[in-house]
Every structure is written in structure tokens, then in C-alpha cells.
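Observations on the model geometry
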Protein chains: 2
Amino acid sequence: MKKYIDMSKEELVQLKEKLEKKYKKAKELGLQLDMSRGKPCKEQLDLSMPMMKTLSGKVLTCEQGVDCRNYGVLEGINEAKRMLSDMIECPIENIIMYGNSSLNVMYDTVSRSMTHGVMGSTPWMKLDKPVKFLCPSPGYDRHFAICEFFGIEMITVPMLPTGPDMDMVEELVSSDEMIKGIWCVPKYSNPQGITYSDETVRRFARLKPAAKDFRIYWDNAYGIHHLYKHDQDNIIEILGEADSVGNGDIVYKFCSTSKVTFPGSGVAGIAASDANLEFIRKQMSIATIGYDKVNQLRHSRFFDNFDGVMKHMRKHAKILLPKFKTVIDKCESELGGLGIGEWTNPKGGYFISFETLEGCAKKVVSMCKEAGVIMTPAGATFPYGKDPKDSNIRIAPSFPSLEELEQATEIFILCVKLASVDKILETK
Amino acid sequence: MKKYIDMSKEELVQLKEKLEKKYKKAKELGLQLDMSRGKPCKEQLDLSMPMMKTLSGKVLTCEQGVDCRNYGVLEGINEAKRMLSDMIECPIENIIMYGNSSLNVMYDTVSRSMTHGVMGSTPWMKLDKPVKFLCPSPGYDRHFAICEFFGIEMITVPMLPTGPDMDMVEELVSSDEMIKGIWCVPKYSNPQGITYSDETVRRFARLKPAAKDFRIYWDNAYGIHHLYKHDQDNIIEILGEADSVGNGDIVYKFCSTSKVTFPGSGVAGIAASDANLEFIRKQMSIATIGYDKVNQLRHSRFFDNFDGVMKHMRKHAKILLPKFKTVIDKCESELGGLGIGEWTNPKGGYFISFETLEGCAKKVVSMCKEAGVIMTPAGATFPYGKDPKDSNIRIAPSFPSLEELEQATEIFILCVKLASVDKILETK
């Protein structure tokens, strides 16, 4: 394979003509394919259908002795707490169950800090200057959207293969007391699939923030979402690690079963230190009489124990792995050696991250759209939707069928080639 | 029956001795009874158990054509919207579905106003002075708790047999732009079971508040919770009424199935004008990817249509009516004509409201507790937990069995008598 950059102008012009013909044909197919969001596919959802039967005709009393159908047990039932505690490796006592979505728990956590501060600190809305958050990027667009909604200033921190650039994190956090948080997807990160290294987690656990109400927003979205049976990433449990160095209040861990059972109809929770939870409970007792315990019980009974959860996750992996491989194999065979793109090959999570040549991502995504393939908007993986290099594209392979995915990937690759030829021609 | 107030000191002292003996005996029974919260009883919960089977093995696609198990349909499925729209008599287009609790929707609504204002107004946290809410009282303690949590100043408005004192409401609302809201339980109110009169609703719909971001917080908690088949209260639908006089933005309606199916495992929503909903949607799209559509579908399929809902509510009524009658009949036979208490006889809802002589409520509740009968704390039905007359007690008859309820009511009546004798003796 000859690198595009090494081609002559003539070669490139010829190539462009060929690619354009292909692209024209592709558009004529009138496809409607979607690789934009991390949605499980139908086969994955079917895996959890037996859960719909776990409660019919049975006594719905939880371990605390309370009828789950009625009011009571504000913080959630023990069975469900145990499930999450196994998933995120925290003691049950450090977990509070919420509703159906960890995103909503994160929103609520930021919202509470705006109106009531953190463990006695000044409410962020009462501060003279706007609060700031660190945003390791590329990252999760919905994290950034929460910041934007509350007028929180976002500072981009580069992602390295080991996680966020910790030199930068440490320096910023220790010197600026307006920095009140950092968004982290520590395992199989969105979108790159990076798992933070042991050193990264240890440095997080030992942060010495200028702001007393600084917290790490540790979004355990893909903690058990492995693609392989044996080749799995592991990560240090940060709450325990932070606690062991007297820094236990520094982190909130968020967790849900959205991509374990049903997105939107799962259960979610937060894990934090006793002191953090005590503060959170005060708000919780005002904001609700309790979340859906029947659904908590439905989940606990379906899985029985953590072994049940992990067996279930293997079934997801068997459906997902061929999809990841389809995209990655195609990229390797079609783009390998051309020097016009790089892509991740994660061991878990929901995404493949693609890096185009600088200044090509927007064009690729818009060309895909024209040919009937919806990608996550370029830039979405950066604060304010602005990718400074305009190069990152998030690929979500879970939802389409294998056949659709092949088609969609082919079109994506075609668009990458075309946009790259144009880009390189500009310099010739 | 001789009124206590007409008794001589000697008669009262004799009576007191007799009552004290009874009370001593009652305490020795070591009862554990609870008339404190509006919790459905087991038989009521059992009514909804067939709902647990409505989704097993079936296709879970909603009317919008979306698989309810997956992400999508942020505002909720049409089937569920229709169910709530029938319950609160609003067009489907004016409804957004939320999670499992209308209390949480109300909390969220106030919280959003604190951080983002209302339809473009200044966020309440950015105002120089604290916001104020009108609190018709006796009212719902959890409404008042939301205000207290956000530092919103509460102004008590007396409840009349027709609803809140509208002269006072109109005067306050039109003259003070810091007044941003009023809490209403318009039908079978908590705790009195009062249904607002047509005139009251019409005056609400025509309010001319000094504050543009004033809203009526219309908590339709008991809209279809009739006790009788034919003798039912009706109420004017306020959103339509307000809209008809060009005032459609003035009201938020809240609704849930907490006391239709399972408390905490039902579905909830808000109804409001297009302009209000547009503002709410902006926040919603940040705060969640969507609420539990599977549970929305479970509810819709269980009831099929509004007729199904109403038939279900009749079953609740058949369980609840004997409980209400037990308390009320006992009050009538034991307290009638004594001049030491008044109680409501509502046609629906979850509560009976009891008025002791001035200055007796706290004592009655604490005496009940000593004898093993838990009542809602005296004062809870007023802002800041302070009943200026110390006379209102909320009775929640739904949860205990008929037998328990008889016992509990007897002890309650005994405590009312004892506290009243003491009170009257002070003046002799």
C-alpha cells in the first residue's frame, strides 16, 4: 500500500475520480444506517427478556423485609445494592440506589452542587465566578452537555493511552480553586476504549485539589463490559484507593445496568464516602419518597448473584465482538498503511474511536450522512462540540446488524479516503 | 352527650381519671400501629399484580414504533401519555412523561427554576432576595419540604371549604413579585379531602401575578381517587380554563400512578402549555436519555384504556371506603357532640383531617405514640412544621387492616379526649 501523502498529484486526482464514482453509486443505494449512538441491538435486548417474568405471582419482599411495591427503603434494596457493589467493587454501605439512569444521577449531582454546594461548601451558583470542570477528551458528549447547561466552564485535558494527562490534571486541580470536577470514564472509555493505568488511578486517588469541593466524577459506564473472555482490562478500585490515603471524599462513582439489561429501564446508583452520602441523603429525602424498588428486585432476582451478571455479560460480548471485529478488520484491510487514519481496538465498552487526518472529521461525517450513514456528529467528543483538530470520530458498532455494519463501514471508509485525498491535494 | 366545655371541674376530673385508666391499659397492649403516611395496603397492591405479567414474551414496541427496551422517545410513549392525559383531562401534546414519582417532578421543577429560571426569567438563585411560595394549609408536608430545602420563604394561606382563600391569594400574588409559586392539591386535598370549587379554579386560571415566572403547582395526586361510585367530586380542568383566558402558561400540572398501581414503581408526568414544555424539554434532554419506557408500556398494557383505569380505581375504593368509614363512624359515635374535635368526611383521596381544640394536636400525637399508634407529626401539615393553632392532625387510614384501624382509632380518640380534658381544666 502506498501512503496517500507519498502519492503524486496525478495519482491522487485519478484516485479521487475513482472514489467519487464509488461514492455516487453508494448514495444511489439510499441506505439508512446508524452508527451514531451506543445502543444495544435487538439480540442484546432479548437476552434480558426472561427478567420480565421474575416477579409475576411471587412475594415481592426485599431483604430489609419491606414490600417492594410500597413506599419505604429510600436508598434502595440490599439485593440491588449488592449487585451494583459487585459491579463496581465497593462496599454495599457506600452505595445509594437511584432511578433508571446514571446520567440522571450525574446531572442531579451537579445540579445539587449548583444549589447546595458539596458537603457544606458554598453553592456553586453563589460564587462570583463560574465553576470549571476538567474534561478529558475525546470524551462523552453528555457529560459535557451537563456542564454547558449549568454554565460550567470546560477545560480540555488530552487523553493519553494511560488515561487523562495526569501532569496537567494535577497542576490544574492543585492551582485553581474554581476547578470543582473532572469527568472520567475510567474503563473502556467513551469513545477510545482506554482503561486508566494503575498509576493514573493512584494519582487520581492522591489528588490535592485547591477546592475542597472538588470531586472526581467517575462514570463506571463500562466496568464489566468486556469483549473477550480472558483478555480483559482491570482497574484499581478508586474509592478504596483514595480512602487508603485519607482522601475518600474525593470521588463519586456512578453506575447503572443500562447496557446490562435495558437502556432506560435498568437501575442506577452512586457510590461515595460516608460523608458524601450523608450530604446526598439530605437532598434525596426531599426529592423523592424512593426510586423504583420493584425494578430493583426484578434485576436482583433475574441475576441472582454476580456470577449471573457476568454470565449475562458474556452473552452480550458474543453478540458485540463480531461487530467490533467487522469495523476493525475492514479498517485494517482497507485503510492499513495508507496513513490517512488511526483507530482503536478496545477490549470492551461500546465504541471505536477513529482519528482522521487533521481537519477531515466534519467532512467525513457529513459525507457519510449524505450517503445514508449516520455517525456521531464530529466534535461531539470534545467540550462545546469543538474538536480542535477536527479529527476524532466516534464509531458505535452495537446497534446495526452485521450486514448493515459492513455496508456502513464501507461507506465510512470511502468517505475517509475521499476527504483525505482532498485534504492532501490542498498541499500539493 | 354533654360538651366537655360545659362540664364542671369535678366532672372533668372524674372523667380524666377514667380516661387515664383506659390509657394505661391501652399502653400495656404494646400495640404497633401506623396511621401516619398515605400508603396503600397489601390488598390494594395485590390489585396490580397482573401488571407484572403484561410484558413477558411479547413485542415491546410502542405506538411511535420504537422498541421500549432501548433508548429513544425522550418524552415518553404515546400510550402512557394517553393514560395520564385521560387521568388529568389534558391533551396528549401537553404531557411529558417522567420517572416513577410526581414528587420528584415537582422537586425537579423547582430545582430547575432555581438554576435556570422559568421560560427565560432570572434563575431564582441569582435574585437578590429569596423567592416566596404560597402554601395553602393544612397541606402536604413534602411540598413544604421542597421549599425549605431551597430556602424558599413560605407564606401560609388558609384553606376554606372551597379551596385556598382566593382573596388572599389574588392580593398577594398580584402585589409581590417575589412570590413565584403556590402549592395546590386541588382534588381531595391532602389532608382535608377538599375539592376546589369552580369559582376557585376560575380565579386561579385568571390570576395576574406580579412575577412573570409565577406558576401554580397543581398536584393532581388524587384526581381519580374517588371513594364512592356516584357521589364524586369534579373539578374544572385548569390548563384549558387558563388557556381560554390567555393565561395558559400559569400552571404546571403534576400526575402519577403512585396510588393507582405501586407507590414508587408507577409512572409520572407533567402537563403544561407548549411554551412551558419547550423550556422543560431543554433541561430534560440534558438530564436524561429518557425515563423507564418499559414501565410505561407495562402500565398502558395493563389498563388498556381509561375505562380500565377507572375500573381499577373502583377496586381500590372498595378496599378504602370501609377504612374511611371505620375512622369517621368511630369519631362520630365517640366524639360527636363533645365539642372537642372536628373531622372531615371526604369523598376521595387518602386522608381524614382532624381538628383538635387549640393547642392539643402535639399532645395527642405524642400520647398516641406512647400507646403504640404512629400519627403524622402534628404541625407537618403547615409550613416549617408549625401549626399556629396546634390543632391539625392528619389521619391516614389506608395502610392498617380494618381491625388495626379500629384499635388505632380508639386509642386516637382516647388521646383526644384526655388532651381535651387537660386543656379545658386549665381554664376552669
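Here's a quick rundown of the structure.

Rules and cut-offs
- Residue positions are given per chain, counted from 1 along the sequence in the order it is written.
- Think of it this way: whatever chain is written first is A, whatever ligand is written first is 1, and the rest follow in order.
- Per-residue local features are limited, in this predicted model, to residues with pLDDT of at least 70; the limit for side-chain atom pairs, both in listing and counting, is 80 or more; totals at the level of whole chains, interfaces and linings are taken over all residues.
- Side-chain numbers come from the whole structure's heavy atoms, not from hydrogens or water.
- Helix and strand definitions follow DSSP, with helices as H or I runs of at least four residues and strands as E runs of at least two, each counted in order from the N terminus.
- Definition of a polar contact: a pair of N or O atoms within 3.5 Å, with one able to donate and the other able to accept a hydrogen when the atoms are protein atoms, and with sequence-neighbouring residues admitted only if both atoms are side-chain atoms.
- Contacts are assigned to residue pairs that have any heavy atoms within 4.5 Å of one another.
- At least two DSSP bridges between two strands are required for those strands to pair.
- Fitted lines through C-alpha atoms serve as axes, helices being fitted only where they are in contact, and the angles separating the N-to-C directions of these axes extend from 0 to 180 degrees.
- Throughout, buried area stands for the accessible area (probe radius 1.4 Å) lost by two parts on being put together, summed over both.
- Counted as salt bridges are all cases of a side-chain nitrogen of Lys or Arg within 4 Å of a carboxyl oxygen of Asp or Glu.
- The set of buried Ala, Val, Leu, Ile, Met, Phe, Trp, Tyr and Cys residues whose side-chain atoms join them within 4.5 Å is what this entry labels a nonpolar core.
- Relative accessibility decides the category of a residue: with a 1.4 Å probe and only protein chains considered, values under 20% of the type maximum give buried, values over 50% give exposed, and everything between is partly exposed.
- Superposition of the copies was done by least squares, using only C-alpha atoms of residues whose pLDDT is at least 70 in both.
- Here a Phe, Tyr or Trp ring, Trp counted by its six-membered ring, pairs with any other such ring whose centre lies within 6.5 Å, and the pair is stacked when the planes are under 30 degrees apart, edge-to-face when over 60, and tilted otherwise.
- A positively charged side chain is recorded as over a ring if its NZ (Lys) or CZ (Arg) lies within 6 Å of the ring centre. The angle to the ring normal must also be within 35 degrees.
- Angles are sorted into four bins: roughly parallel if under 35 degrees, roughly antiparallel if over 145, roughly perpendicular if 65 to 115, and oblique for all others.
- Here the term charged refers only to Asp, Glu, Lys and Arg, the term nonpolar to Ala, Val, Leu, Ile, Met, Phe, Trp, Tyr, Cys and Pro, and the term polar to all other amino acids, Gly among them.
- Here is how to tell: hold the view so the strands point away, follow the path from the first strand over the helix to the second, and if it runs clockwise the crossover is right-handed.
- Every patch collects residues that have over 30% relative accessible area and no salt bridge, joining them within 9 Å if they carry like charges and within 5 Å if they are nonpolar side chains (Val, Leu, Ile, Met, Phe, Trp, Tyr).
- Surface accessibility follows the Shrake-Rupley procedure with a 1.4 Å probe radius. Residue values consider only the protein chains on display as shielding.
- For the charge count, each Lys or Arg is scored as positive and each Asp or Glu as negative, with His and the chain ends excluded.
- One atom stands in for each charge, and that atom is NZ of Lys, CZ of Arg, CG of Asp or CD of Glu.

**Thoughts on the side chain of Lys253 of chain A**
Residues and elements named next belong to chain A. Topologically, Lys253 is positioned in strand S8 (residues 251–256). For Lys253, the side chain forms a polar contact with the side chain of Glu237, separated by 2.7 Å. Once you skip the residues sitting within four places of it in the chain, Lys253 turns out to touch Ile88, Cys90, Trp218, Asn220, Glu237, Ile238, Leu239, Gly269, Ile270 and Ala271.

**Brief notes about the sheet that holds strand S8 (residues 251–256) of chain B**
Residue and element names in this part refer to chain B. In space, the eight strands of this open sheet follow the order S2-S9-S8-S7-S6-S3-S4-S5, with mixed pairing throughout. Each edge of the open sheet carries a strand with a single partner, namely strand S2 (95–97) and strand S5 (163–164). Pairing analysis gives six bridges linking strand S3 (residues 132–137) to strand S4 (residues 153–160), with the strands arranged parallel. Pairing of Ser137 across the sheet is with Pro158, part of S4. Together, S3, strand S6 (179–184), strand S7 (215–219), S8 and strand S9 (268–271) form the strand contacts of helix H4 (residues 102–116), whose direction differs from that of S8 by roughly 150°. Strands in contact with helix H5 (residues 141–149) are S3, S4, S6 and S7; relative to S6, the strand with the most contacts, it is inclined by about 155°.

**So, the interface of chain A and chain B**
Contact with chain A, which involves 59 residues of that partner, is made by 60 residues of chain B. In this assembly, chain A packs against chain B so that about 4,900 Å² is buried in total across both faces, 57% of it on carbon and sulfur atoms. Among the residues of chain A in contact with chain B, Arg69, Tyr71 and Met125 of chain A are the three that bury the most area, contributing 16% of the side total. Inspection of the region where chain A meets chain B yields two salt bridges.

**Digging into the sheet that holds strand S13 (residues 392–395) of chain B**
Residues and elements named next belong to chain B. The three strands lie next to each other as S10-S11-S13, forming an open sheet whose pairing is antiparallel. Where the open sheet ends on each side, the last strands, each with one partner, are strand S10 (341–343) and S13. The sheet shows a mean angle of 20° between the axes of neighbouring strands, taken without regard to direction. One ladder, built from three bridges, connects S10 with strand S11 (residues 352–356); its direction is antiparallel. What sits directly across from Gly341, in S11, is Thr356. Running at roughly 25° to S11, helix H11 (residues 306–335) makes contact with S10, S11 and S13 of the sheet. Helix-sheet contacts for helix H12 (residues 361–370) involve S11 and S13, and the interaxial angle to S13 is about 40°.

**Things to note about the environment of Lys81 of chain A**
All names here are of chain A. Locating Lys81 in the fold gives a position in helix H3 (residues 78–88). When the C-alpha atoms of Lys81 and Asn100 are compared, they prove to be 14 Å apart, with 19 residues separating the residues in sequence. Among residues more than four places away in sequence, those in contact with Lys81 are Glu75, Gly76, Ile92, Ile95 and Met97.

**Quick word on the nonpolar core**
Of all hydrophobic cores here, the largest spans 111 residues; its most connected members are Phe204, Ile216 and Trp218 of chain A together with Phe204, Ile216 and Trp218 of chain B. In this structure Ile216 of chain B touches Ile182, Cys184, Phe204, Leu207, Ile238, Ile250, Val251 and Tyr252 of chain B, once residues within four positions along its chain are discounted.

**Focus on the relation of the copies chain A and chain B**
Each of the two copies of the chain can be brought onto the other by a rotation about an axis and a shift along it. When chain A is brought onto chain B, the operation consists of a screw motion whose angular component is 180° and whose axial shift is 0.0 Å, with 0.0 Å RMSD remaining. Given the turn and translation reported, the copies of this chain are related as if by a two-fold rotation axis.

**Examining the pattern of salt bridges**
Residues and elements named next belong to chain B. In the structure shown here, the tally under the stated rule is 56 salt bridges over all chains. Between Asp141 and Arg37 there is a salt bridge, with its nearest N and O atoms 2.9 Å apart. In this pair, Asp141 is assigned in helix H5 and Arg37 in the loop between strand S1 (33–35) and helix H2 (42–46), connecting sequence segments 104 residues apart. Notably, a salt bridge pairs Lys132 with Asp176, separated by 2.7 Å at the nearest N-O pair.

**Brief notes about the packing of aromatic side chains**
Think of a pair of aromatic rings as described by two things: how far the centres are apart, and how the planes are tilted against each other in angle. Applying the stated criterion across every chain yields a total of 38 aromatic pairs over all chains. A ring pair is formed by Tyr107 of chain A and Phe149 of chain A, whose centres lie 6.1 Å apart and whose planes are at 45°; its orientation type is tilted. Of this pair, Tyr107 of chain A sits in helix H4 (residues 102–116) while Phe149 of chain A sits in helix H5 (residues 141–149), and the two are 42 residues apart along the sequence. The two residues Tyr107 of chain A and Phe149 of chain A agree in class, both being buried. Ring pairs connect the aromatic residues Trp124, Phe133, Trp183, Tyr217, Tyr252 and Phe254 of chain A, which therefore count as one cluster. The positively charged end of Lys259 of chain A is found above the aromatic ring belonging to Tyr350 of chain A, 5.5 Å away from the centroid. Sitting above the plane of the Phe399 of chain B ring, Lys39 of chain B keeps its charged end 4.6 Å from the centroid.

**What about H5 of chain A?**
Those residues of H5 of chain A lying buried are Asp141, His143, Phe144, Ile146, Cys147 and Phe149 of chain A. Looking one or two places after H5 of chain A, you find Gly151 of chain A, whose phi comes out positive at around 70°.

**Description of the packing of H5 of chain A against helix H9 (residues 274–287) of chain B**
Following both chains from N to C, one finds H5 of chain A and H9 of chain B inclined at 140°, their axes separated by 9 Å at the closest point. Taken together, the axis directions place H5 of chain A and H9 of chain B in an arrangement best described as oblique. Touching Arg142, Ala145, Ile146 and Phe149 of chain A of H5 of chain A are Lys282, Gln283, Ser285 and Ile286 of chain B, all from H9 of chain B. When its residues are assigned to classes, the contact of H5 of chain A with H9 of chain B shows four nonpolar, two polar and two charged.

**Some details on the pairing of S7 of chain B**
All names here are of chain B. Across the five residues of S7, five count as buried, placing the element largely inside the fold. Judged by which residues are buried, S7 turns out to be covered on both faces: Arg215, Tyr217 and Asp219 on one side and Ile216 and Trp218 on the other are all buried. This β-α-β element, S6 to helix H7 (residues 198–205) to S7, shows right-handed connectivity. Two strands pair when backbone bridges link them, and S7 and S8 are joined in this way by four bridges, in the parallel orientation. From the neighbouring strand, Tyr217 faces S8, where its bridge partner is Tyr252.

**Things to note about unusual backbone geometry**
All names here are of chain B. Cis geometry is found at the peptide bond from Ser137 to Pro138, where omega equals 5°. Relative to the assigned elements, Pro138 resides in the loop between S3 and H5. Put simply, Asn190 and Pro191 share a cis peptide bond, and its omega is 5°. Residue position: Pro191 is located in the loop between S6 and H7. Positive phi, close to 45°, is recorded for Met119, a residue that is not glycine. Locating Met119 in the fold gives a position in the loop between H4 and S3. For Met119, a relative accessible area of 32% puts it in the partly exposed group. Backbone geometry at Asp390 places phi at a positive 45°, although glycine is not the residue there. Inspection of the secondary structure assignment puts Asp390 in the loop between strand S12 (373–375) and S13.

**Quick look at a negative patch on the surface**
On the surface, Glu93, Asp243, Asp249, Asp274 and Glu278 of chain B cluster together to form a negatively charged patch. Within the secondary structure layout, Glu278 of chain B lies in helix H9.

**A look at the environment of Gly349 of chain B**
All names here are of chain B. Among the secondary structure elements, Gly349 is positioned in the loop between S10 and S11. The buried category is assigned to Gly349, whose relative accessible area is 1%. Placed 189 residues apart in sequence, Gly349 and Leu160 show a C-alpha to C-alpha distance of 17 Å. Leave out the neighbours within four places in its chain, and Gly349 touches Tyr188, Tyr222, His225 and Phe324.

**Structural notes on the environment of Phe144 of chain B**
Residue and element names in this part refer to chain B. Structurally, the position occupied by Phe144 is in helix H5. Judged by relative accessible area, Phe144 falls into the buried class, the value being 3%. For the pair Phe144 and Gly385, spaced 241 residues apart in sequence, the C-alpha separation works out to 8.6 Å. Discounting residues that sit within four places of it in the chain, Phe144 has contacts with Cys135, Pro136, Ser137, Gly139, Met154, Trp183, Ala380, Thr381, Phe382 and Pro383.

**Some points on the pairing of strand S9 (residues 268–271) of chain A**
Put simply, side chains in a regular strand alternate between the two faces of the sheet. Residues and elements named next belong to chain A. Side-chain alternation along S9 places Ala268 and Ile270 on one buried face and Gly269 and Ala271 on a second face that is also buried. Sheet analysis places strand S2 (residues 95–97) next to S9, joined by three bridges and oriented antiparallel. Each bridged residue has a counterpart across the sheet, and for Met97 the counterpart in S9 is Gly269. Of the pairings in the sheet, the one linking S8 to S9 comprises four bridges and is antiparallel in character. By the bridge assignment, Ser256 is partnered in S9 with Ala268.

Limitation: the analysis is restricted to geometry and does not speak to function.
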